Amino acid sequence: MSEPPPGRKTSSSSTRKGLLVSATLALSVLAVLLFVLVFRASNRPLQPLLERQPGMDQTGSTPSDQPQSSLALGKLITPPSSNRIHSEPGPPAALDKPLPASSSPSDHAGDWPQFRGPKGDGVFPGALSINHHWGGGLPAALWNVELGEGYAGAAVRDGRVYVLDYDATNHADALRCLSLADGQELWRFAYPVKIKRNHGMSRTTPAVTEQYLVSLGPKCHVVCLDTASGHFRWGLDLVRDFGAEVPQWYAGQCPLVVDGCAILAVGGNALLLKVDCATGKTLWSTPNDQSWKMTHSSVVPLEFAGRRMYVYCASGGVVGVSADDGRVLWQTDQWKISIATIATPVPVGNGKIFLAGGYNSGSLMLQLKEVDGRLVAEPLFRLKPTEFGATQQTPIFYQDHIYGVRPDGQLACLDLAGKVLWSSGAGAKFGLGPFLIANGLILVLNDDGLLTLAEAVPSGYHALAQAQVLAGHDAWAPLALAGGRLLARDLTRMVCLDITADKK
């Protein structure tokens, strides 16, 4: 086969050259596009690399998925009979549906207006005649209501029950007001916030006074409402407004209201805040020089050496700040838990503060002292986790003794020197369940909704009665006792029980 004459091309040769030209042009275009992309990327600010932390996929530390005016979008929703549906812009349309016709607040006497009761100590004040003989439908279940997944406890005032719920269908926190008489919903205030299931959603108890209802939501949204009507007064986004970081498993701090002011632990740009409930104005803030973060623990008031203060367990230690101006009066790094600080400090008198935790932390007794005009906190004793600790529920100080559920699930009693006087034994375990004390008796719930009545005495564990009051699981929410009505809940349902003795 002879070669083609010089200057002539075959058709196949022309085709190959055409393909080569096309490929060259395509590569040139691709190179130009790549240059543009690289140039644009090189002019963007560099994003810092963040160390991966537990819970980042669930909670996050910024409200990037929230609208700027999340709380402003809140809507008050009431039964049609009251004709008080809010007309302002609100959350998704489904939240605009009116509630079913409701009853009125109960005239039943007794309040439980905040986390751990009227005095914040887990003790029912005054006398109460409690039925010791359970069985045959006792204690009587007066009503029950379905809730969204969570462990939020109830607050009670003037015949109304307040509970922070989460509406997973419409992606909204919902602060609900129920009648203590029958559980019917009187109103709810809902605002949009997207959260994922992370061992439930809501887990805090609101604080309520004659005028103000203050709640702290899973992603650190604080709202203040009118107690009776539910009308919005003011709101704060602690993440957006103060640089707070949402704790792992969502916020567990229960707000404190003292003399018409909300006391909030932030852990961002301010360690603690005092906010006027009437106006929403910040009255003082505590500098957070050590960048301590918010925990699940709540703030407690304390007075020592003539100084009123608020005590808080932050991520890096324990602090006492002045109730007058928020100044740090004392602080210590002797107590900190790397995974989760949950139990609240327990004042036990004479400047002593008892601290207990889970995750192998055990417990610690602090002693406040005045040295050269300043306060210091010194450790008195420590107990190993096997002796005493508190994974979830805060211990109770009652008649010079400390009662609580240890990490092994047993109810136990301590004296103030740290000696374990008794424990309930391997056959009486309560898991992460809540408890309170009333009229010398302990009411303690286990994980599965079994309620036990026992004596609150240092002589030993004496169970008096038991009843299965809930059929679900994860019955971890704090109990509330208003008069003779006990409010308990599991993951998805709350029940109201009559625990009073037969009046016949």
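What you see is a predicted model; the values in this text were computed from it and never measured.

## Topic: the overall build of the protein
Part 1 of the argument: Regarding its fold elements, the protein presents two helices and 34 strands.
Part 2 of the argument: Across the 504 residues that make up the protein, the buried fraction comes to 54%.
Part 3 of the argument: For the protein, the share of sequence-separated contacts (at least 6 apart) that also reach a separation of at least 24 residues comes to 55%.

## Remarks on the pattern of salt bridges
Part 1 of the argument: On inspection of all chains with the given rule, the structure shows 12 salt bridges.
Part 2 of the argument: Between arginine 233 and aspartate 226 there is a salt bridge, with the nearest N and O atoms lying 3.5 Å from each other.
Part 3 of the argument: Of the charged contacts in the structure, one is a salt bridge between arginine 308 and aspartate 324, with a shortest N-O distance of 3.6 Å. Of this pair, arginine 308 sits in strand E17 (residues 307–314) while aspartate 324 sits in the loop between strand E18 (317–322) and strand E19 (328–332), and the two are 16 residues apart along the sequence.
Part 4 of the argument: Because the salt bridges share partners, they merge into one network encompassing Asp165, Arg176, Glu185 and Arg188.

## A closer look at the sheet that holds strand E11 (residues 232–237)
Part 1 of the argument: Strand order in the open sheet made by the four strands is E8-E9-E10-E11, with antiparallel pairing throughout. Two strands lie at the open edges of the sheet, namely strand E8 (207–208) and E11, each paired on one side alone.
Part 2 of the argument: Here E8 runs beside strand E9 (residues 212–216); their pairing, made up of two bridges, is antiparallel. Bridge pairing in E9 places valine 208 opposite leucine 213.

## Let's talk about the nonpolar core
Part 1 of the argument: Within the largest apolar cluster, 59 residues are counted, with the highest numbers of intra-cluster contacts made by Leu238, Leu272 and Tyr310.
Part 2 of the argument: Counting 39 residues, the second-largest nonpolar core is a separate cluster that includes Ile130, Val163, Leu453 and Ala480.

## Focus: the sheet that holds strand E12 (residues 256–258)
Part 1 of the argument: Strands sit in the order E12-E13-E14-E15 across an open sheet of four strands; the sheet is antiparallel. This sheet does not close on itself; its edge strands, each paired only once, are E12 and strand E15 (282–287). Averaged over neighbouring strand pairs, the angle between their axes works out to 20° when direction is ignored.
Part 2 of the argument: Taken together, the five bridges between strand E13 (residues 261–265) and strand E14 (residues 270–276) define a ladder with antiparallel strand orientation. In the strand pairing of E14, cysteine 261 is matched with aspartate 276.

## With respect to the side chain of threonine 452
Part 1 of the argument: Positionally, threonine 452 belongs in strand E30 (residues 450–455).
Part 2 of the argument: A polar contact of 2.9 Å, which involves the side chain of threonine 452, links it to the side chain of glutamine 466.
Part 3 of the argument: Excluding anything up to four places from it in sequence, threonine 452 contacts Trp134, Phe430, Ile442, Leu443, Val444, Tyr461, Ala463, Ala465 and Gln466.

## Focus on unusual backbone geometry
Part 1 of the argument: In this structure, proline 139 follows leucine 138 across a cis peptide bond, with omega equal to -5°.
Part 2 of the argument: Here proline 139 lies in the loop between strand E2 (123–124) and strand E3 (140–146).
Part 3 of the argument: Residue alanine 305 is not a glycine yet carries a positive backbone phi of 55°.
Part 4 of the argument: By the secondary structure assignment, alanine 305 is in the loop between strand E16 (300–304) and E17.

## Brief notes about the confidence of the model for the protein
Part 1 of the argument: Model confidence for the protein is summarised by a mean pLDDT of 85, while 81% of its residues fall at 70 or above.
Part 2 of the argument: Taken together, the stretch residues 1–27 has pLDDT below 50 and engages in one contact with residues farther than four places along the chain or on a different chain.
Part 3 of the argument: Here residues 81–96 is a poorly scored stretch, pLDDT under 50, and it has 32 contacts once near neighbours within four places are set aside; other chains count.

## Structural notes on the pairing of strand E29 (residues 441–445)
Part 1 of the argument: The buried fraction of E29 amounts to five of the five residues, a majority that puts the element mostly inside the structure.
Part 2 of the argument: Burial of the side chains of E29 extends over both faces: Leu441, Leu443 and Leu445 are buried on one face and Ile442 and Val444 on the other.
Part 3 of the argument: By the bridge criterion, four bridges tie strand E28 (residues 435–438) to E29 in an arrangement that is antiparallel. Across the sheet, the residue bridging to leucine 436 is leucine 443, located in E29.
Part 4 of the argument: The hairpin formed by E28 and E29 contains two residues between the paired strands, and asparagine 439 there has a positive phi angle of roughly 55°.
Part 5 of the argument: Relative to E30, E29 is paired through five bridges, and the arrangement is antiparallel. Among the inter-strand pairings, valine 444 is bridged to a residue of E30, identified as threonine 452.

## Brief notes about the pairing of E18
Part 1 of the argument: Taken across its six residues, E18 has six buried, putting it largely inside the fold.
Part 2 of the argument: Going residue by residue along E18, you find Gly317, Val319 and Val321 tucked away on one face and Val318, Gly320 and Ser322 tucked away on the opposite face as well.
Part 3 of the argument: Of the strand pairs in this sheet, E17 and E18 are connected by six bridges, and their pairing is antiparallel. For valine 311, the partnering residue across the bridge sits in E18 and is glycine 320.

## Describing the side chain of serine 298
Part 1 of the argument: You can see serine 298 is positioned in the loop between E15 and E16.
Part 2 of the argument: Assessed through its relative accessible area of 2%, serine 298 is described here as buried.
Part 3 of the argument: Leave out the neighbours within four places in its chain, and serine 298 touches Phe115, Gly252, Gln253, Cys254, Val311, Tyr312, Thr344 and Pro345.

## Brief notes about the environment of aspartate 490
Part 1 of the argument: Looking at the element boundaries, aspartate 490 is found in the loop between strand E33 (485–489) and strand E34 (493–498).
Part 2 of the argument: Separated by 43 residues in the primary sequence, aspartate 490 and aspartate 447 place their C-alpha atoms 8.0 Å from one another.
Part 3 of the argument: There is a polar contact of 3.0 Å between the side chain of aspartate 490 and the backbone nitrogen of glycine 472.
Part 4 of the argument: Within polar-contact distance, the side chain of aspartate 490 engages the backbone nitrogen of arginine 493 at 2.9 Å.

Rules of the game
- Residues numbered from 1 in each chain as written.
- Predicted model: local features only at pLDDT ≥ 70, side-chain atom pairs only at ≥ 80, totals over all residues.
- Heavy atoms only, no water.
- Helix = DSSP H or I, 4+ residues; strand = E, 2+ residues; numbered from the N terminus.
- Buried < 20%, exposed > 50% of the residue type's maximum accessible area, 1.4 Å probe, protein only.
- Contact = heavy atoms within 4.5 Å.
- Salt bridge = Lys/Arg side-chain N within 4 Å of Asp/Glu carboxyl O.
- Pairing = 2+ DSSP bridges.
- Core = buried A, V, L, I, M, F, W, Y, C linked by side-chain atoms within 4.5 Å.
- Axes fitted to C-alpha atoms, helices over the stretch in contact; angles between N-to-C directions.
- Polar contact = N/O pair within 3.5 Å; in protein donor to acceptor, adjacent residues only side chain to side chain.
- pLDDT = per-residue confidence, 0-100.

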